[in-house]
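Working through the structure, step by step
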Amino acid sequence: MPPCSTKCGKNAILKRPKTGDTLCKECFFEAFENEIHFTIQRTKLFRPGSTVAIAASGGKDSTVLAYVMKLLNEKFNYDLNLVLLSIDEGITGYRDDSLNTVKQNRDDYGMPLKILSYKDLYGWTMDEIVAEIGRKNNCTFCGVFRRQALDRGANLLKVDCLATGHNADDIAETVLMNILRGDLARLSRCTAIMTDSGDGIPRVKPLKYTFEKEIVMYAYFRKLVYFSTECVFAPNAYRGHARMLLKDLEKIDPSTIMNIIQSGEDLKLHESAKVPTLTRCTRCNYVSSQDVCKACILLEGLNKGLPRLGIGKSSKVKRMLEEKKKLTENCGSGDMCSRNEGNSCICLSNPA
Ligand code: SF4
């Protein structure tokens, strides 16, 4: 390897994927950490004295985020109180193991840890949901429930903001997905470094400009303990395609990642793109853009044996509920009936 390009006198041991610089280990650490510090300072991400929950999954992104946040907090006197917040989706062979890594992070970094489970919050584990709905829409349920669970955890811990480990590759992938789906209204939200959860607790992404490959390198050279097994219910097919496309483009030109993020930031909202107004769910009182939030609709579907309820457009959801009501009103079991098939009620209490 050539000498470190900072002229520190050491030999380089790596080539930075983001800039192409050849660096020694120490100069890479410094460049990596200083860039995150610069992002935090430039965007005024944290207020001194705040309590920040770090969404911790045990994976590389959240492990590096927790490590770097602790390091920068001490090095630059951010004066932040850092806590870890984890969600247990109830996925055997995946989340149970990765939570052990989070517990290790808790001990290594000396941060308090709060774990909330889908079972406690919703009455279902992801294992049970997949047994009910199959493996087609599982990530829709999981994503909606996790988002709400993290916000509920942040509220419970009374933190000032919630930091997530989304990196530059994740954001570029989401920009691509929103463009491919024609969903321009979501562009500004997915590229924003700080978003409003609607509940007064902002979500922030300190790793917004950090490349995934560099996160892996940093974790490797720092010898950080993280969990790298993929979820047993992955992949989310559509995101998987966007990811492969991005990786192919990155091979040709690594600046593609930053260019896509930049394009997402610069794209003006299309005039007809509707940005939903936030209100409160009439059932659980959680922040929602509809009368009933997506999590409550998905839960209703699970509890009534209509797992496809809430998958797709809201007009379709209303139609399904009306059909269900019509089918069950004769036998008197009302909403409790779960034995409808096709267009005829087969409820035992109404054998005719
Ligand atoms: Fe949940 Fe899907 Fe991610 Fe697994 S891959 S943790 S089911 S969102």
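Use the structure listed above.
Report follows, based on the coordinates.

Cut-off values and rules
- Residues numbered from 1 in each chain as written.
- Predicted model: local features only at pLDDT ≥ 70, side-chain atom pairs only at ≥ 80, totals over all residues.
- Heavy atoms only, no water.
- Helix = DSSP H or I, 4+ residues; strand = E, 2+ residues; numbered from the N terminus.
- Buried < 20%, exposed > 50% of the residue type's maximum accessible area, 1.4 Å probe, protein only.
- Areas by Shrake-Rupley, 256 points an atom, 1.4 Å probe, with all protein chains shown as cover.
- Core = buried A, V, L, I, M, F, W, Y, C linked by side-chain atoms within 4.5 Å.
- Contact = heavy atoms within 4.5 Å.
- Salt bridge = Lys/Arg side-chain N within 4 Å of Asp/Glu carboxyl O.
- Phe/Tyr/Trp six-rings, centres within 6.5 Å; stacked < 30°, edge-to-face > 60°.
- Near = heavy atom within 4 Å.
- Nonpolar A, V, L, I, M, F, W, Y, C, P; charged D, E, K, R; others polar.
- Pairing = 2+ DSSP bridges.
- Patch = residues over 30% accessible without salt bridge, like charges linked within 9 Å, V, L, I, M, F, W, Y side chains within 5 Å.

1. Here we look at the overall build of the protein chain
When helices and strands are tallied, the protein chain shows 13 helices and 12 strands. Per-residue burial for the protein chain yields a buried fraction of 46% across its 352 residues. For the protein chain, the accessible area works out to roughly 18300 Å², and carbon and sulfur atoms hold 52% of it.

2. With respect to the nonpolar core
Core analysis: the largest hydrophobic core is formed by 40 residues, its most contacted members being Phe32, Ile40, Phe46, Ile54, Val64, Met69 and Tyr218. For this core, the secondary-structure elements that each account for two or more residues are α1 (25–42), β3 (51–55), α2 (60–75), β4 (81–88), α3 (95–109), β6 (161–163) and α9 (212–221). The leading source of residues in this core is α2, at 7 residues. Filtering out sequence-adjacent residues up to four positions away, Phe32 remains in contact with Val64, Val68, Thr210, Glu214, Ile215 and Tyr218. Residues Ala55, Leu150, Ala295 and Leu306 belong to the second largest nonpolar core, which totals 39 residues.

3. What to know about unusual backbone geometry
The phi dihedral of Asp79 is positive, around 60°, even though this residue is not glycine. Looking at the element boundaries, Asp79 is found in the loop between α2 and β4.

4. Comments concerning the pattern of salt bridges
Counting across every chain of the model gives 21 salt bridges. Between Glu26 and Lys10 there is a salt bridge whose closest N-O contact spans 3.7 Å. Pair noted here: Glu26 is in helix α1 and Lys10 is in the segment before β1 (14–15), with a separation of 16 residues, a long-range link. The closest approach of N and O atoms between Arg283 and Glu300, which form a salt bridge, is 2.8 Å. One end of the pair, Arg283, is in the loop between β9 (279–280) and β10 (287–288); the other, Glu300, is in helix α12 (residues 294–303), and 17 residues separate them in sequence. In the salt-bridge network here, residues are joined through shared partners; they are Lys60, Asp61, Asp169, Glu212 and Lys247.

5. Details of the packing of aromatic side chains
In this structure the tally under the stated criterion is 14 aromatic pairs. Here Tyr67 and Tyr218 contribute two aromatic rings whose centre-to-centre distance is 6.1 Å and whose plane-to-plane angle is 65°, an arrangement assigned as edge-to-face. Of this pair, Tyr67 sits in helix α2 while Tyr218 is found in helix α9, placing the two residues 151 residues apart along the sequence. On the basis of relative accessibility, which here comes to 0%, the residue Tyr218 falls in the buried class. A ring pair is formed by Tyr118 and Tyr122, whose centres lie 5.7 Å apart and whose planes are at 75°; its orientation type is edge-to-face. Highlighted residues: Tyr118 and Tyr122, both in helix α4 (residues 118–122), separated by 4 residues, approximately one helical turn. Chaining the aromatic ring pairs together yields one cluster made of Phe28, Phe29, Phe32, Tyr67, Tyr109 and Tyr218.

6. Some details on the site of the ligand
Around the ligand lies a shell formed by Ile91, Asn138, Cys139, Cys142, Arg146, Cys231, Phe233 and Ala234. Its residues assigned to classes, the shell around the ligand shows 6 nonpolar, 1 polar and 1 charged.

7. Thoughts on the pairing of strand β5 (residues 113–117)
Sheet analysis places β4 next to β5, joined by 5 bridges and oriented parallel. Across the sheet, the residue bridging to Ser86 is Ile115, located in β5.

8. Section: a nonpolar patch on the surface
Among the surface-exposed residues, Leu180, Tyr238 and Leu245 lie close enough to one another that they form a single nonpolar patch of about 260 Å² accessible area. Inspection of the secondary structure puts Leu245 in helix α10 (residues 237–252). For Leu245, a relative accessible area of 38% translates into the label partly exposed.

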